[in-house]
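For reference, the chains in residue letters:
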Amino acid sequence: LQEGNIVIIGSGLIGRSWAMVFASGGFRVKLHDIVQEQVSTALEDIRKQMEELMKSEMLRGTLSMEDQMALISGCTDLKEALHGAQYIQECVPENLDLKLKIFSELDLYVNDSTIISSSTSCLSPTSMFTGLQHVKNCIVAHPVNPPYYVPLVELVPHPQTEIATVERTYNLMKKVGQSPVKLMKEMDGFVLNRLQYAVISEAWRLVQDGVISPRDVDLVMSEGLGMRYAFLGPLETAHLNAEGFKSYCERYGESIKRVLATFGPVPEFDGEIAEKIDQALWEHERDKDDQLKAGREYRNTCLSHLAKLKKEM
Ligand code: NAD
């Protein structure tokens, strides 16, 4: 058993997944939410997810399912939940006012060694942590949904975050089997979403310009580029496609610049093209909720198998 408690604030989609990640690493987890019913539902759902994982032999960590389950407890009283906390992972809805309220409360209760971390996808550390007494202990640890299957965590410091906070968070993430990366400074969209938006934007443009269908542009990624990118990043891919990265730039730099110059302005992301892509992604004879559920289950199964394969490589 690891020392010190992990406190998860908000027991929704991301909070539950974080709770399972930390429990798989042997940490005691307090799951806090505002209403008791929400906490109970979350605990039931975690048990269900763990049972499924156990059946498919995809449960993470070395502890049994029951041992992992026993490490997670629910709590609706914030002050009580924070007792003995070494690390807090905030997972409430993406709303700046709500997050500010929570962080100012946490600021009153935590001691100098507790790390306060936010799962935010889009809010900057400056907008959330400026002015807090414990700002040096604050950091963004942005997971990728679902964190149980996708290990990346982007660590984004506030300008006043102490290096020790970054290092401790980094080490904790490693310990529970996540893959942390450190941003040296704040950047809108962090890194994952900036890369993702570049891809979505070009996919949109190719559909808009009548070059390819929505389904086929997805295949370019899932059957082509994505196969490589699951194992190597874009820079190393380039490095290996020539005699090193510099040689890649010498060989392909001019063509890349020529193609990049044809990228248009930022798409509007609404209107006719949004409609066209949306239409192409539904199967029309099937219930929409069923499709989403099945699609998400398929995604999670694929990701868990991929995670297993990556571990074996
Ligand atoms: P969610 O709506 O599923 O869960 C939010 C939970 O917070 C709910 O259980 C709600 O009851 C609880 N909550 C609301 N107010 C609270 C309060 N005052 N105190 C305690 N709990 C409270 O949201 P989610 O999808 O889990 O997202 C949580 C955070 O994670 C957001 O900041 C989001 O941007 C980020 N995130 C989400 C994803 C994603 O794909 N869903 C990915 C990465 C990061």
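Residues numbered from 1 in each chain as written. Predicted model: local features only at pLDDT ≥ 70, side-chain atom pairs only at ≥ 80, totals over all residues. Heavy atoms only, no water.

Asker: Could you clarify how one ought to interpret the overall build of the chain in this entry?
Answerer: Of regular secondary structure, the chain possesses 13 helices and 8 strands. A globule of 313 residues ought to have a C-alpha radius of gyration of about 20 Å, and the chain, at 21 Å, matches this closely. Projected onto the principal axes, the alpha-carbon positions of the chain cover approximately 60 × 50 × 40 Å. Across the 313 residues in the chain, those meeting the buried criterion constitute 39%. Considering only contacts within the chain whose residues lie at least 6 apart along the sequence, 66% involve residues at least 24 apart. Surface summary for the chain: the accessible area is close to 18,100 Å², and the carbon and sulfur share equals 56%. Distance from the positive charge centre (33 side chains) to the negative charge centre (44 side chains) of the chain: 5 Å. (Helix = DSSP H or I, 4+ residues; strand = E, 2+ residues; numbered from the N terminus. Rg over C-alpha atoms; globule rule 2.2 N^0.38 Å. Buried < 20%, exposed > 50% of the residue type's maximum accessible area, 1.4 Å probe, protein only. Contact = heavy atoms within 4.5 Å. Areas by Shrake-Rupley, 256 points an atom, 1.4 Å probe, with all protein chains shown as cover. Lys, Arg positive; Asp, Glu negative; His and termini not counted. Charge placed at Lys NZ, Arg CZ, Asp CG, Glu CD.)

Asker: Can you walk me through the packing of aromatic side chains in this structure?
Answerer: The relation between two aromatic rings is expressed through the spacing of the ring centres and the mutual angle of the planes. Applying the stated criterion across every chain yields a total of 7 aromatic pairs. Seen in terms of ring centroids, Phe-103 and Phe-129 are 5.1 Å apart; in terms of plane orientation they differ by 70°. Their pairing is edge-to-face. Of this pair, Phe-103 sits in helix H5 (residues 96-109) while Phe-129 sits in helix H6 (residues 125-129), and the two are 26 residues apart along the sequence. Across this residue pair, the class does not change: Phe-103 and Phe-129 are buried. Ring plane angle 65° and centroid distance 5.0 Å describe the contact between Trp-204 and Phe-269, whose orientation is recorded as edge-to-face. One end of the pair, Trp-204, is in helix H8 (residues 192-208); the other, Phe-269, is in the loop between helix H11 (245-260) and helix H12 (272-281), with 65 residues separating them in the sequence. Overall, Trp-204 belongs to the buried group, its relative accessible area being 7%. Through successive ring pairs, a cluster of aromatic residues spans Trp-18, Phe-22 and Tyr-87. (Phe/Tyr/Trp six-rings, centres within 6.5 Å; stacked < 30°, edge-to-face > 60°.)

Asker: What exactly am I supposed to notice about the nonpolar core here?
Answerer: Soluble globular proteins: nonpolar side chains tend toward being buried together. Ile-6, Ile-8, Trp-18, Phe-22, Val-29, Ile-46 and Tyr-87 are the most contacted members of the largest nonpolar core, which has 35 residues in total. Of all the elements in the fold, those that place two or more residues in this core are strand S1 (5-9), helix H1 (13-24), strand S2 (28-32), helix H2 (36-55), helix H3 (65-71), strand S6 (138-143), strand S7 (152-157) and helix H7 (163-175). Per-element accounting of this core gives the leading share, 6 residues, to H1. Residues within four places of Val-29 in sequence aside, it is in contact with Ile-6, Ile-8, Ala-19, Phe-22, Ala-23, Leu-71, Ile-72 and Ser-73. Counting 24 residues, the second-largest nonpolar core is a separate cluster that includes Ala-81, Phe-103, Leu-123 and Met-128. (Core = buried A, V, L, I, M, F, W, Y, C linked by side-chain atoms within 4.5 Å.)

Asker: Can you walk me through the site of the ligand in this structure?
Answerer: The environment of the ligand is formed by 23 residues, the closest being Ile-14, Asp-33, Glu-94, Lys-99 and Ser-121. In this structure, an oxygen atom belonging to the ligand sits 3.3 Å away from a main-chain N or O atom of Val-92. Coverage of the ligand by the protein chains reaches 78% of its 850 Å² of free accessible surface. Counting residues per element, the shell around the ligand draws most heavily on H5, which supplies 3 residues. (Near = heavy atom within 4 Å. Polar contact = N/O pair within 3.5 Å; in protein donor to acceptor, adjacent residues only side chain to side chain.)

Asker: I would appreciate a short explanation of the sheet that holds S7 in the present structure.
Answerer: What links the strands of a sheet is backbone hydrogen bonding, and the strands pair in either a parallel or an antiparallel sense. An order of S3-S2-S1-S4-S5-S6-S7-S8 is seen for the 8 strands of this open sheet, with the pairing classed as mixed. Two strands close off the open sheet at either side, each with one partner strand: strand S3 (72-75) and strand S8 (179-182). Averaged over all neighbouring strand pairs, the angle between strand axes comes to 25°, with direction disregarded. By the bridge criterion, 5 bridges tie S1 to strand S4 (residues 85-90) in an arrangement that is parallel. Across the sheet, residue Val-7 finds its bridge partner in S4, namely Ile-88. (Pairing = 2+ DSSP bridges. Axes fitted to C-alpha atoms, helices over the stretch in contact; angles between N-to-C directions.)

Asker: I would appreciate a short explanation of a nonpolar patch on the surface in the present structure.
Answerer: Taken together, the side chains of Tyr-252, Ile-256, Val-259, Leu-260 and Phe-263 make up a nonpolar region of the molecular surface, amounting to roughly 400 Å² of accessible area. Following the sequence through the fold, Tyr-252 ends up in helix H11. Judged by relative accessible area, which is 32%, Tyr-252 ranks as partly exposed. (Patch = residues over 30% accessible without salt bridge, like charges linked within 9 Å, V, L, I, M, F, W, Y side chains within 5 Å. Salt bridge = Lys/Arg side-chain N within 4 Å of Asp/Glu carboxyl O.)

Asker: So what exactly am I meant to see when it comes to the pattern of salt bridges here?
Answerer: Here the idea is simple: oppositely charged side chains can pair when their charged atoms come close. For the structure shown, the criterion picks out 11 salt bridges. Put simply, Arg-251 and Glu-243 hold a salt bridge, and the shortest N to O gap is 3.6 Å. Using a relative accessible area of 45% as the deciding quantity, one classes Arg-251 as partly exposed. With a shortest N-O distance of 3.5 Å, Arg-286 and Glu-283 are connected by a salt bridge. Looking at Arg-286, the relative accessible area reads 36%, which means it is partly exposed. Via salt bridges that share partners, Glu-90, Glu-94 and Lys-99 belong to a single interconnected network.

Asker: Looking at this structure, how should I read H5?
Answerer: Two residues of an α-helix separated by three or four positions point the same way, owing to the 3.6 residues in each turn. When the terminal C-alpha atoms of H5 are compared, their 20 Å separation across 14 residues agrees well with the 20 Å that a helix rising 1.5 Å per residue should span. The inward-facing, buried residues of H5 contact S1, helix H4 (78-81), S4, strand S5 (115-118) and H6. Its side-chain oxygen 3.0 Å from the backbone nitrogen of Asp-97, Asn-95 forms the N-cap of H5. (Expected span 1.5 Å × (residues − 1).)

Nothing here speaks to function; it is geometry throughout.
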